[in-house]
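# Residue-level structural notes
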Amino acid sequence: MTMTTQTLNFINGDFLPARSGKIFENRSPVDGRLLAMVAEAGEPEVDAAVRAARAALAGPWGRMAIAERVDLLYAVANEINRRFEDFLSAEVADTGKPASLARHLDIPRGAANFKIFADVVKNVPTEFFEMSTPDGKGAINYAVRVPKGVVAVVCPWNLPLLLMTWKVGPALACGNAVVVKPSEETPSTATLLGEVMNAVGVPKGVYNVVHGFGPGSAGEFLTRHPGIDAVTFTGETRTGMAIMKAAAEGVKAVSFELGGKNAGIVFADCDFDAAVDGIGRAVFANCGQVCLGTERVYVERPIFDKFVAALKLKAEAMKPGRPEDPATGIGPLISREHQNKVLSYYRKAAEEGATVVTGGGVPNMEAGVAGGSWIQPTLWTGLPETSVIVREEIFGPCAHLRAFDSEDEAVGLANDTPYGLATTIWTGNLSRAHRIAPKIEVGICWVNSWFLRDLRTPFGGSKQSGIGREGGVHSLEFYTELRNVCIKL
Ligand code: NAD
Ligand code: 6OD
């Protein structure tokens, strides 16, 4: 008889099942096998987690000197690195992504997100102003930063550890306590992080994890809980709207990193091979499940046909396969449900008369993995900008390509979207890059690169891609409150 393991909630330093006994399945996207049953937190568990977090703020965590807190966060980063292979296996099992990708991106960033924000809070100055007063004696003002309180962290499934720690790192560095709601698709690394917190001595209740879904489940219970002070969320724009409504009750602060429909712009003067490589990564990395990924590619007309042909070769060279196989170029989508969504767009593209350059369906896979949520990398041309394929976020390994004739046209096309997350521009003319980059309505514009991240820089989305900026000192704007002290001399 095989025993199925249970992934538990982590509340006040303890791993706990749900009092209701409710559990749900965590299945592998590679072959559909059952990985674990997950304890679904109900209102009692969410309430217990929020209370534990609040109690932690009133306890040793709330009184801890910054230097000691910083040392604890360095210890968390070190312990993640010490247990690197455990985190890698858990992340790869939940997501099905190539182990090589998780090894160089997800897990190292999971550790770095604690280190970098510990460094930030260690070094950040506060402001000070002298002012004159009618009696000539003057006054001084200084600002102190205090933690926001209990922060709800609601996360997606595409880069589970990376995106969760991107919020938890700064929240803890600033002295808050957190309740994390990982995606129901990827519960494992957030749970494993509970072991790390206990191992290095982070006080009980500072880091809590509740598992479950969105509406009518842990996500909704957490975001509408009166005991939380702020919600930081990464996920779909539609979900952000629901969370914003929940957060309105009690006027909770929100920080949102939401969906995108990002443009890539390729000029004829680019380094052609580098551009094909860069756009290839932007379209296909993580099976297209990166919020910063490119789903609209605009290529200057003289190189359009050559570029489409080269990107087609790149797509067709990516071998789908098991995560641990070094020859694997692309993993599966996260779930059968998401596969159905992406395939529905593939069908719509055909119905709307797209030219299918490559892909458009499901690859033939060997019997052992045939139950996985596989998808072909897909490129289209020939659709109008009004097509749903060009307008809606698909979140799969696919893009529509279109030719343009002038800089202004390229900028106009890139900006013609309700989203505003990221753009990648490829050109050999840096004057041009400087000229157009600020005109693109996005939070981040890469030039001759993609997903190159300096964690000290502001990160976030414009328009419907988000609210607020996180990264470096910008994270302090959300995770702390400034209090001004004014002293009359
Ligand atoms: P999602 O919005 O479906 O779910 C994200 C999280 O929200 C999950 O934990 C889910 O359980 C929870 N949730 C769902 N409904 C909720 C509700 N009503 N109340 C509270 N919680 C709720 O997103 P996803 O499918 O997990 O992730 C993919 C999406 O995330 C894409 O749109 C992608 O662009 C976006 N994303 C954005 C960024 C960014 O930095 N801007 C990064 C990664 C992913
Ligand atoms: O690199 C990051 O900090 C970040 N938030 C990346 C987001 C990727 C979206 O899928």
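Higher on the page you've got the structure.
Residues numbered from 1 in each chain as written. Chains lettered and ligands numbered in written order. Predicted model: local features only at pLDDT ≥ 70, side-chain atom pairs only at ≥ 80, totals over all residues. Heavy atoms only, no water.

### Notes on the overall build of the chain
Note the cut-off: Each helix corresponds to a stretch of at least 4 residues labelled H or I by DSSP, and each strand to a stretch of at least 2 residues labelled E; elements are numbered beginning at the N terminus. When we talk radius of gyration, it's over C-alpha atoms, and the globule rule is simply 2.2 Å times the number of residues to the 0.38. Classification of residues uses two cut-offs on accessible area relative to the type maximum, computed with a 1.4 Å probe and protein chains only: under 20% is buried, over 50% is exposed, and between them is partly exposed. In what follows, residue pairs with any heavy atoms lying within 4.5 Å of each other are defined as contacts. Accessibility throughout is a Shrake-Rupley quantity obtained with a 1.4 Å probe, and a residue counts as covered only by protein chains that appear here. Note that His is not counted, nor are the chain ends; the positive residues are Lys and Arg, and the negative ones are Asp and Glu. To locate a charge, take atom NZ for lysine, CZ for arginine, CG for aspartate or CD for glutamate.
Within the chain, the regular secondary structure consists of 16 helices and 23 strands. At 24 Å, the chain has a C-alpha radius of gyration in line with the 23 Å of a compact globule built from 489 residues. Structurally, the chain occupies a C-alpha span of about 75 × 70 × 40 Å along its principal axes. A total of 489 residues make up the chain; the buried ones form 59% of that total. Intrachain contacts of the chain at a sequence separation of at least 6 include 74% that bridge at least 24 residues. Approximately 19700 Å² of the chain is accessible, and the part contributed by carbon and sulfur atoms is 55%. When the 49 positive and 54 negative side-chain charges of the chain are each reduced to one mean point, those points stand 3 Å apart.

### What about the packing of helix α6 (residues 160-173) against helix α7 (residues 188-200)?
We count it as follows: Helix axes use the C-alpha atoms of the stretch in contact, all axes being lines fitted to C-alpha atoms, and the angles between their N-to-C directions lie in the range 0 to 180 degrees. Orientation categories follow fixed angle ranges, with anything under 35 degrees roughly parallel, anything over 145 roughly antiparallel, 65 to 115 roughly perpendicular, and all other angles oblique. Left-handed describes a crossing whose near helix is turned anticlockwise from the far helix by less than a right angle; the clockwise case is right-handed.
As a packed pair, α6 and α7 sit with axes 10 Å apart at the nearest point and diverge in direction by 40°. On the basis of their axis angle, the class for α6 and α7 is oblique. Classified by chirality, the crossing of α7 by α6 is right-handed. From α6, Pro160, Leu161, Met164, Thr165 and Leu172 reach across to α7, where they touch Thr189, Ala190, Leu193 and Met197.

### Quick look at the side chain of Asp106
The topology assignment puts Asp106 in helix α5 (residues 99-123). Excluding anything up to four places from it in sequence, Asp106 contacts Glu91, Lys97, Leu101, Leu159, Pro160, Leu161 and Leu162.

### Some details on the pairing of strand β13 (residues 262-266)
Condition: We treat two strands as partners when DSSP finds at least two bridges between them. If you view a crossover with the strands going away from you and the path from the first strand over the helix to the second runs clockwise, you call it right-handed.
Of all five residues that make up β13, five are buried, and the element is covered over most of its length. Burial along β13 is two-sided: the residues Asn262, Gly264 and Val266 and Ala263 and Ile265 are all buried. Pairing analysis gives five bridges linking β13 to strand β14 (residues 294-300), with the strands arranged parallel. Bridged to Asn262 within β14 is Thr294. For the segment spanning β13, helix α10 (residues 272-284) and β14, crossover handedness is right-handed. As paired strands, β13 and strand β19 (residues 422-426) are joined by four bridges and run parallel to one another.

### Some details on the layout of surface pockets
The condition is simple: Cavity means a closed set of points on a 1 Å grid over the protein atoms alone, one where a 1.4 Å probe fits but cannot get out, pocket means an open set with protein on both sides within 12 Å along at least 5 of 7 lines, and lining means a residue has an atom within 4 Å of a point. Grid points are joined across faces, edges and corners, and a volume is the space filled by probe spheres set on the points. Polar here means any residue outside two lists: the nonpolar Ala, Val, Leu, Ile, Met, Phe, Trp, Tyr, Cys and Pro, and the charged Asp, Glu, Lys and Arg; Gly therefore counts as polar. Note that the domain bounds were set by an automatic or database domain assignment.
Of the pockets and cavities examined, the largest pocket occupies roughly 1300 Å³. Together, 49 residues line the largest pocket, and Trp157, Ser183, Glu184, Glu185 and Glu236 are the ones closest to its centre. For the lining of the largest pocket, the elements supplying multiple residues, two or more each, are β4 (23-27), α8 (218-223), β11 (230-234), α9 (237-248) and α12 (336-351). No other element matches the five residues that α9 contributes to the lining of the largest pocket. Residue composition of the lining of the largest pocket, grouped by class: 19 nonpolar, 17 polar and 13 charged. For the lining of the largest pocket, the two domains that each supply at least three residues are domain 1 (6-258 + 465-488) and domain 2 (262-454). Considering only enclosed or pocket space, the second largest pocket measures out at about 450 Å³ in volume. Lining the second largest pocket are 21 residues, with Leu101, His104, Arg281, Ala285 and Asn286 sitting closest to its centre.

### Section: the nonpolar core
To keep things clear, this is the line we draw: Throughout, nonpolar core names a set of buried Ala, Val, Leu, Ile, Met, Phe, Trp, Tyr and Cys residues whose side chains join them through atoms within 4.5 Å.
Counting residues in hydrophobic clusters, the biggest one holds 72 residues, and the most contacted among them are Phe114, Leu193, Tyr207 and Leu292. Ranked by residue count, the leading element in this core is α5, at 12 residues. Not counting chain neighbours up to four residues away, the residues in contact with Leu292 comprise Asn262, Leu421, Ala422, Ile444, Trp446, Trp450, Phe451 and Phe459. By size, the runner-up hydrophobic cluster in this structure holds 53 residues, among which are Phe304, Phe307, Val342 and Trp426.

### Describing α10
Because an α-helix packs 3.6 residues into every turn, residues spaced three or four apart end up facing the same way. Our working rule: How far a helix is expected to stretch is found by multiplying one less than its residue total by 1.5 Å.
The end-to-end C-alpha separation of α10 is 18 Å, in line with the 18 Å expected for 13 residues at 1.5 Å each. All of the buried residues in α10 are Phe272, Ala275, Val276, Gly278, Ile279, Gly280, Ala282, Val283 and Phe284. Buried residues along α10 sit in contact with β13, β14, α11 (304-317), β16 (378-381), β17 (398-404) and β19. At the C-terminal side of α10, Asn286 shows a positive phi close to 55°.

Any functional reading would require information beyond the geometric quantities listed.
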